[in-house]
Amino acid sequence: MSVDLTARPAKQARLIRLHRLLPKLMRDPVNGLAEIGMATGGEIVRLDLGPFRPYLVTHPDHVQHVMKGNWSNYLRKGMFWRPLERLLGNSILGEGPGWDSSRKILQPLFTARYVAALSEDLADTINEGFEALRPHEKSGEPIDAGVEMARVVNKAVIKVLFGSRISDPDAERVAPAYTTAATSIAFRMLFPSAPYSIRVPGDRRFLASIKTIEEVMFPVIEQARRERSEGKDIVSALCQARDEQGAEISIQQMRDDLVSIYGAASETTGMALTWLWPMLGENPEVEAKLREEIDRVVGRDPVRPSHLPHLTYTKMVLQELLRLYPSGWMLPRLVGTAEELGGVRIKAGSQVLISPYATHRLESFWDRPLTFDPERFSPENQERRHRYAYFPFGGGPHLCLGQHLFYIEAPLMVAAILSRYRPVIVNPGPFKPLPAPSVRPSRKVEMALLPIERA
Ligand code: HEM
């Protein structure tokens, strides 16, 4: 289905009143928003959230317009982004000239070929990370899937960004500092106009977590600059990079970009892989097929990058996982200049909410949208899809830089676990999605790691 962006005369977007929204959003905000998208069939609506009234944009044609067609009119600024600025600085996750220069420097570093060059080290880190769970297999003591996925993802991301420059104890300080930063800004997200001169709940923890992150990052960056190292990691590459004027990148910019990439790379991947286990638990036929592929391709050996081209079903499972649980479930934008979109007037200075989570559930684009079915991503089924019916990695000039990394790291992780253990969820779902920067289950996903019976 396609929508003519210009045909009808512009009108005001339909307003969904607070009394209709509130019960849905109180009960389950993430699904509540998706239900509005489903009920309106992709029509642009305005949400009456009291003091502010964002537009909800779910139809793929409109998403394409905001993310790509007229992207420079839809800025990553405003109330949703402001609280993050103290952590991220002026970086690749921002907007304007700071973002532009970071993008030019960083994009060449995340090509498929460059990431492939790091993949042997990544595989070692991942195999080691999951081998460390053997005591749970022996004792039967369940693991917290979210904690263990995050632990291994953090080690992997640190390897890619910093090589061996960050010690294990420092790595173990940084990871929880990020979690604290992500969870302590809730108040400022709700009241973004509160001035920084006023202390609000969460501020102290937020600032302390930034301090911890910087205490680890600055010395590493400074040392890499002094040594002019030629390693494969991203810090080394940034030390060698030059901007358009041929100048070195400042230490502050390196800090801002590294802090931002670490954040963008770790929580997203860790949370997505946490959702995998409830999905497999609810879909035993998918789990059996996945396990069969990993048995056949990897067996009981440690997984290697050379296995990846043969893990085709694993990739389909991950693609379907990111359809139902796209970590970046909400991509807010600030409207620069008023314009017309999908027959409605979009006001300057207002907020537009794009939600892959909602668009990925539109019935007009997805058959049985709530069913977990990796076959949607078989080569035959992929081709006919609207480019913006599926956009877990965003699109246009802000397209995620981490896609290649994700499709190396995540299949290695899934294979590293399933070639060693048979995970079984011990606290069955349903698991409600919680609105956080990366959509997360509202309670722990606990799993026993049973031994694999040898054939
Ligand atoms: C499940 C995994 C991931 C998901 C679902 C995801 C999703 C996204 C999305 C939706 C955006 C667009 C944001 C926007 O338009 O406002 C984005 C941007 C970005 N992602 Fe990812 N991401 C993932 C993993 C990674 C990884 C592993 C990296 C590591 C390099 C990464 C680095 C970035 C960066 C640097 C940007 C900003 C790009 C720009 O604005 O120019 N992401 N990601």
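Residues numbered from 1 in each chain as written. Predicted model: local features only at pLDDT ≥ 70, side-chain atom pairs only at ≥ 80, totals over all residues. Heavy atoms only, no water.

Visitor: Could you clarify how one ought to interpret the overall build of the protein chain in this entry?
Guide: What the protein chain contains, in helices and strands, is 19 helices and 13 strands. Computed over C-alpha atoms, the radius of gyration of the protein chain comes to 22 Å, within 12% of the 23 Å expected from 2.2 N^0.38 for 455 residues, which places it in the range of a compact globule. Taken along its principal axes, the extent of the C-alpha atoms in the protein chain is 65 × 55 × 40 Å. Residues counted as buried form 54% of the 455 residues belonging to the protein chain. (Helix = DSSP H or I, 4+ residues; strand = E, 2+ residues; numbered from the N terminus. Rg over C-alpha atoms; globule rule 2.2 N^0.38 Å. Buried < 20%, exposed > 50% of the residue type's maximum accessible area, 1.4 Å probe, protein only.)

Visitor: Any chance you could explain the site of the ligand here in plain terms?
Guide: Neighbouring the ligand are 27 residues; R76, W99, R103, R333 and C400 lie closest to it. Residue R103 places a side-chain N or O atom 2.6 Å away from an oxygen atom belonging to the ligand. Here the element with the most residues in the shell around the ligand is helix α14 (residues 251–282); it accounts for five residues. Residue composition of the shell around the ligand, grouped by class: 18 nonpolar, six polar and three charged. (Near = heavy atom within 4 Å. Polar contact = N/O pair within 3.5 Å; in protein donor to acceptor, adjacent residues only side chain to side chain. Nonpolar A, V, L, I, M, F, W, Y, C, P; charged D, E, K, R; others polar.)

Visitor: Hey, could you run me through the nonpolar core in this one?
Guide: When a protein is soluble and globular, its nonpolar side chains tend to lie buried together. Within the largest apolar cluster, 123 residues are counted, with the highest numbers of intra-cluster contacts made by L47, F130, F162, M217, L238, Y262 and W277. The greatest single-element share of this core, amounting to 13 residues, is contributed by α14. Here F162 is in contact with M217, V220, D233, V235, L258 and Y262, once residues within four sequence places are set aside. Counting residues in each nonpolar core, the second largest holds 17 residues, with Y55, M67, V344 and I346 among its members. (Core = buried A, V, L, I, M, F, W, Y, C linked by side-chain atoms within 4.5 Å. Contact = heavy atoms within 4.5 Å.)

Visitor: Whenever I open this one, the pairing of strand β13 (residues 446–451) confuses me. Can you help?
Guide: Two faces, one strand: in a regular strand the side chains alternate between the faces of the sheet. Here strand β5 (residues 143–144) pairs with β13 via two bridges, running antiparallel. Bridge pairing links D144 to E446 in β13. Pairing geometry for strand β10 (residues 421–425) and β13, over five bridges, is antiparallel. By the bridge assignment, I425 is partnered in β13 with M447. (Pairing = 2+ DSSP bridges.)

Visitor: I tried to follow the pattern of salt bridges on my own but got confused; where do I start?
Guide: Oppositely charged side chains may form a pair once their charged atoms are brought near each other. Enumeration over the complete set of coordinates arrives at 31 salt bridges. Ionic pairing is found between R228 and E248, a salt bridge with its closest N-O pair at 3.0 Å. You can see R228 sitting in the loop between α12 (203–227) and α13 (234–240) and its partner E248 sitting in the loop between α13 and α14, a full 20 residues away along the chain. Exposure remark for E248: the relative accessible area of 31% places this residue in the partly exposed category. Between D373 and R368 there is a salt bridge whose closest N-O contact spans 3.2 Å. Among the charged side chains, a salt-bridge network with shared partners connects E131, R134, E137 and R420. (Salt bridge = Lys/Arg side-chain N within 4 Å of Asp/Glu carboxyl O.)

Visitor: Is there a simple way to explain the UniProt feature "binding site: heme" (unreviewed entry) in the protein chain in this structure?
Guide: Within this numbering scheme, the UniProt entry marks C400 as carrying the feature "binding site: heme" (unreviewed entry). Mapped onto the fold, C400 is located in the loop between α18 (379–382) and α19 (403–418). (UniProt positions renumbered as here; feature names shortened; annotations may be inferred.)

Visitor: Quick question: what am I supposed to make of the sheet that holds strand β1 (residues 14–16) here?
Guide: Working definition: the strands of a sheet are paired by backbone hydrogen bonds and lie parallel or antiparallel to each other. The strand order β1-β2-β3-β9-β6-β4 describes an open sheet built from six strands, whose pairing is mixed. The open sheet is flanked by β1 and β4 (74–75), the only strands paired with a single partner. In this structure, strand β3 (residues 55–57) lies alongside strand β9 (residues 351–354), joined through three bridges in parallel fashion. From the neighbouring strand, L56 faces β9, where its bridge partner is L353.

Visitor: Even after reading the chapter, I still don't get a nonpolar patch on the surface, so can you show me in this structure?
Guide: A cluster of nonpolar side chains, contributed by L18, L22 and M26, occupies part of the molecular surface with about 290 Å² of accessible area. Relative to the elements of secondary structure, M26 occurs in helix α1 (residues 18–27). A relative accessible area of 66% places M26 in the exposed class. (Patch = residues over 30% accessible without salt bridge, like charges linked within 9 Å, V, L, I, M, F, W, Y side chains within 5 Å. Areas by Shrake-Rupley, 256 points an atom, 1.4 Å probe, with all protein chains shown as cover.)

Visitor: Help me understand the sheet that holds β5, please; the structure alone is not making it clear to me.
Guide: Taking strand neighbours across the sheet as the criterion, the three strands line up as β5-β13-β10 in an open arrangement whose pairing is antiparallel. The two strands at the open ends of the sheet, each matched to only one other strand, are β5 and β10.

Visitor: Looking at this structure, how should I read the packing of aromatic side chains?
Guide: One pass over the structure, following the stated rule, counts eleven aromatic pairs. Ring geometry for F393 versus Y407: centroids 6.0 Å apart, planes at 65°, classification edge-to-face. With a gap of 14 residues between them, F393 in the loop between α18 and α19 and Y407 in helix α19 connect regions that are remote in the sequence. The buried category is assigned to Y407, whose relative accessible area is 17%. Ring pairs connect the aromatic residues W275, Y325 and Y357, which therefore count as one cluster. (Phe/Tyr/Trp six-rings, centres within 6.5 Å; stacked < 30°, edge-to-face > 60°.)

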